[in-house]
Amino acid sequence: MKKTTYAIAAIAAVLTIGCDQQKNEIDDATENTKEAIETRKDAVEARADYATEKAEANAEITKARIEADKESARAQLEADKKKAEAEADAAKARVDAENQ
């Protein structure tokens, strides 16, 4: 009877150890999966941050180009205005010269 009791206890111990090992393997696999998912989440976040920074930089560049184009157009219009005034002054001077 003692041998049977020891045998049953030994089988129970082996089964318990086997179950614990399987549970530990499942827990390890779950942890590895979670870590992989967190790594991918971090990568997605990093890519999104980079894309946002790049978009903001591109927006600043575009804004600067628009501002430069505006200033260039203003300067050209001011130059055209001064040219028109000079041509008008020259035309008036010719009229004065012809009438004297």
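On a predicted model such as this, the values are computed, not experimentally measured, just so you know.

1. Regarding the overall build of the protein
Working step 1: Scanning the protein from N- to C-terminus turns up one helix and zero strands.
Working step 2: By residue count, 0% of the 100 residues in the protein fall in the buried class.
Working step 3: Summed over its atoms, the accessible surface of the protein is roughly 9100 Å², and 58% of this surface lies on carbon and sulfur atoms.

2. Focus on a negative patch on the surface
Working step 1: Taken together, the side chains of Asp 42, Glu 45, Asp 49, Glu 53, Glu 56 and Glu 60 define an acidic patch exposed on the protein surface.
Working step 2: Within the fold, Asp 42 resides in helix H1 (residues 2–98).

3. A look at the pattern of salt bridges
Working step 1: Summed over all chains, the structure comprises four salt bridges.
Working step 2: Put simply, Glu 38 and Lys 41 hold a salt bridge, and the shortest N to O gap is 3.2 Å. Within this pair, Glu 38 and its partner Lys 41 are both found in helix H1, separated by three residues, close to a single helical turn.
Working step 3: Since its relative accessible area comes to 48%, Lys 41 is described here as partly exposed.
Working step 4: In this structure, the salt-bridge partner of Glu 67 is Lys 70, at a minimum N-O distance of 3.2 Å.

Criteria and cut-off values
Residues numbered from 1 in each chain as written. Predicted model: local features only at pLDDT ≥ 70, side-chain atom pairs only at ≥ 80, totals over all residues. Heavy atoms only, no water. Helix = DSSP H or I, 4+ residues; strand = E, 2+ residues; numbered from the N terminus. Buried < 20%, exposed > 50% of the residue type's maximum accessible area, 1.4 Å probe, protein only. Areas by Shrake-Rupley, 256 points an atom, 1.4 Å probe, with all protein chains shown as cover. Patch = residues over 30% accessible without salt bridge, like charges linked within 9 Å, V, L, I, M, F, W, Y side chains within 5 Å. Salt bridge = Lys/Arg side-chain N within 4 Å of Asp/Glu carboxyl O. Lys, Arg positive; Asp, Glu negative; His and termini not counted. Charge placed at Lys NZ, Arg CZ, Asp CG, Glu CD.

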